[in-house]
Amino acid sequence: MTGTGDTAVAVTVAGADGERLRRWRMVLGGGEADGTGHALAGRDAAMDGALGALYGGGSGGAPRGERSAGLGGSAPNVARWLGDIRTYFPGSVVQVMQRDAIARLGLSTLLMEPEMLEAVEPDVHLVGTLLSLNKAMPETTRETARAVVRKVVEQLEKRLATRTRATLTGALDRSARVSRPRHADIDWNRTIRANLKNYLPEYRTVVPERLIGYGRAAQSVKKEVILCIDQSGSMAASVVYASVFGAVLASMRSIATRLVVFDTAVVDLTDQLDDPVDVLFGTQLGGGTDINRALAYCQSKITRPADTVVVLISDLYEGGIRDEMLKRVAAMKRSGVEFVTLLALSDEGAPAYDREHAAALAALGAPAFACTPDLFPEVMAAALEKRPLPDPRPAS
């Protein structure tokens, strides 16, 4: 005789099996080949339809090798689909699905239609796509695109600006050493090292004859920063983040900031740094790469080498004169310039880059590495103070 406990266990097992079949059905996409025999209804069916429209195999049940997407070329259809996925999936999943839709279905042309832009969940990758379409956008779409870009930029500034200003202000203060500091400004590590000869064993203490302290950075310009940004298509996310950081740095009185973008040509966007959206729409993603020409321009703008930091943001796939590029970097370093090479400025993980060029830069004392936006303030602080960069994984 089966007791109620056994019945409860059986129901639990059946429920677990049902959930497992449901998940497999959502993954496999339906049709005779999926083997689950599980039918979807309600919200599950709607989610499956949204997935099927992008990845194929929705209610049509086509074989996996023959799947085709079902969004078609209609902006209203796509706008409805965008609304559906925002209803059924979390924001991080929505952004992945949007990127897949743009890549798999060739939706770039539809992004030029205002009704679709208004339905899209904005993120850094969408901004990169819009910037690549900038020159082809009709005027009716341009303002909507700017609104989408501005929303992302404001989110990034809110996330990054306060910490960046605080970190770099501290670095500038510490770079101004004084010999008669106030108590709160004493650099205890350097003071102790400078006075170790005055150690008193009987008291187990150091008597400091000379105090070393942090100065207070004045309002005048103390350092100059040149952001030199590769605007080839693969660097889209880096261009977005670098433009935001450029605007933040430009807002600091003690740092003179210059922002230069390049492909085979060089464009100085410094006069637009008060609005990073203007900077972004001044870029032209795509095209070739001439790092040597860009560095030649940056080098011509350096007036105080010992107080200058040059940040090259590039995957180092050089289309210009490689040896000349390396000679320019070596010359800048000899003159006292702090040179930082970032293979990417994004959250996307390990980037593709030219390893031979990265190794050559490392041999010049300018190691190249990828950097997340959250680490960038620390990298810049180290460069301003002329101390080792914080990323422990230089490219080779």
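Summary of the structure given here. Please read these numbers as outputs of a predicted model, since none were measured by experiment.

**Quick word on helix H4 (residues 91-105)**
Step number 1: Taking 1.5 Å as the rise per residue, H4 with 15 residues should run 21 Å; its terminal C-alpha atoms sit 20 Å apart, in good agreement.
Step number 2: Those residues of H4 lying buried are Val-94, Met-97, Gln-98, Ala-101 and Ile-102. Projected down its long axis, H4 carries its buried residues within an arc of 140 degrees, all on one side. Pointing more than 90 degrees away from the buried face of H4 are the exposed residues Ser-92 and Ala-103.
Step number 3: One or two steps after H4, the chain reaches Gly-106, where phi turns positive at roughly 60 degrees.

**Observations concerning helix H14 (residues 376-384)**
Step number 1: Within H14, 8 of the 9 residues are buried, which leaves the element mostly enclosed by the surrounding structure.
Step number 2: Within the span of H14, buried status applies to Phe-376, Pro-377, Val-379, Met-380, Ala-381, Ala-382, Ala-383 and Leu-384.
Step number 3: Of the residues one or two after H14, Lys-386 is the one with positive phi, at around 55 degrees.

**So, the nonpolar core**
Step number 1: One finds Trp-81, Leu-111, Leu-130, Val-311 and Phe-376 to be the most contacted residues of the largest nonpolar core, which totals 75 residues.
Step number 2: The element contributing the most residues to this core is helix H7 (residues 139-175), with 10 residues.
Step number 3: Each residue touching Leu-111, except ones within four places of it in the same chain, is listed here: Ile-102, Met-116, Leu-117, Val-120, Leu-126, Thr-129, Leu-130, Leu-133 and Thr-141.
Step number 4: Counting 25 residues, the second-largest nonpolar core is a separate cluster that includes Cys-298, Val-310, Leu-312 and Leu-343.

**Observations regarding the environment of Asn-198**
Step number 1: Among the structural elements, Asn-198 can be located in the loop between helix H8 (188-194) and strand E2 (199-200).
Step number 2: Residue classification places Asn-198 among the buried residues on the basis of a relative accessible area of 14%.
Step number 3: Once the C-alpha coordinates of Asn-198 and Glu-209 are considered, the two residues, 11 residues apart in sequence, prove to be 7.8 Å apart.

**Observations concerning the packing of aromatic side chains**
Step number 1: For the structure on display, the rule yields 1 aromatic pair.
Step number 2: Here Phe-245 and Phe-376 contribute two aromatic rings whose centre-to-centre distance is 4.5 Å and whose plane-to-plane angle is 40 degrees, an arrangement assigned as tilted. Of this pair, Phe-245 sits in helix H9 (residues 236-250) while Phe-376 sits in helix H14, and the two are 131 residues apart along the sequence.
Step number 3: Judged by relative accessible area, which is 1%, Phe-245 ranks as buried.

**Digging into the packing of helix H12 (residues 322-334) against helix H13 (residues 355-363)**
Step number 1: Across the interface, H12 lies against H13 with an axial gap of 10 Å and an inter-helix angle of 30 degrees. With respect to each other, H12 and H13 are oriented roughly parallel. Where H12 crosses over H13, the handedness of that crossing is right-handed. Listed contacts from H13 to Arg-322, Met-325, Leu-326 and Val-329 of H12 are Glu-356, His-357, Ala-360 and Leu-361.
Step number 2: Taken together, the residues that form the contact of H12 with H13 break down as 5 nonpolar, 1 polar and 2 charged.

**Side note on the sheet that holds strand E7 (residues 266-268)**
Step number 1: The strand order E7-E6-E5-E8-E9-E10 describes an open sheet built from 6 strands, whose pairing is mixed. Edge positions in the open sheet fall to E7 and strand E10 (368-371), since each of these has one partner strand only. On average, each strand axis in the sheet is inclined to that of its neighbour by 25 degrees, with strand direction left out of account.
Step number 2: Pairing geometry for strand E5 (residues 223-230) and strand E6 (residues 255-262), over 8 bridges, is parallel. Note on E6: the bridge partner recorded for Glu-224 is Ala-256.

**Considerations on unusual backbone geometry**
Step number 1: Non-glycine residue Leu-316 carries a positive phi angle of around 70 degrees.
Step number 2: Within the secondary structure layout, Leu-316 lies in the loop between strand E8 (308-313) and H12.
Step number 3: For Lys-386, which is not glycine, the phi torsion reads 55 degrees and is therefore positive.
Step number 4: By secondary structure assignment, the location of Lys-386 is in the segment after H14.
Step number 5: You can call Lys-386 partly exposed: its relative accessible area is 39%.

**Brief notes about the pattern of salt bridges**
Step number 1: One pass over the structure, following the stated rule, counts 16 salt bridges.
Step number 2: Of the charged contacts in the structure, one is a salt bridge between Glu-356 and Arg-322, with a shortest N-O distance of 3.8 Å. With Glu-356 in helix H13 and Arg-322 in helix H12, the pair connects residues that are 34 residues apart, well separated along the chain.
Step number 3: Here Glu-356 falls in the exposed class, since its relative accessible area comes to 55%.
Step number 4: In this structure Arg-322 comes out as partly exposed when scored by relative accessible area, which is 27%.

Reading the values: the criteria
Residues numbered from 1 in each chain as written. Predicted model: local features only at pLDDT ≥ 70, side-chain atom pairs only at ≥ 80, totals over all residues. Heavy atoms only, no water. Helix = DSSP H or I, 4+ residues; strand = E, 2+ residues; numbered from the N terminus. Expected span 1.5 Å × (residues − 1). Buried < 20%, exposed > 50% of the residue type's maximum accessible area, 1.4 Å probe, protein only. Arc of directions from axis to C-beta. Core = buried A, V, L, I, M, F, W, Y, C linked by side-chain atoms within 4.5 Å. Contact = heavy atoms within 4.5 Å. Phe/Tyr/Trp six-rings, centres within 6.5 Å; stacked < 30°, edge-to-face > 60°. Axes fitted to C-alpha atoms, helices over the stretch in contact; angles between N-to-C directions. Parallel < 35°, antiparallel > 145°, perpendicular 65-115°, else oblique. Left-handed = near helix turned anticlockwise from the far one by under 90°. Nonpolar A, V, L, I, M, F, W, Y, C, P; charged D, E, K, R; others polar. Pairing = 2+ DSSP bridges. Salt bridge = Lys/Arg side-chain N within 4 Å of Asp/Glu carboxyl O.

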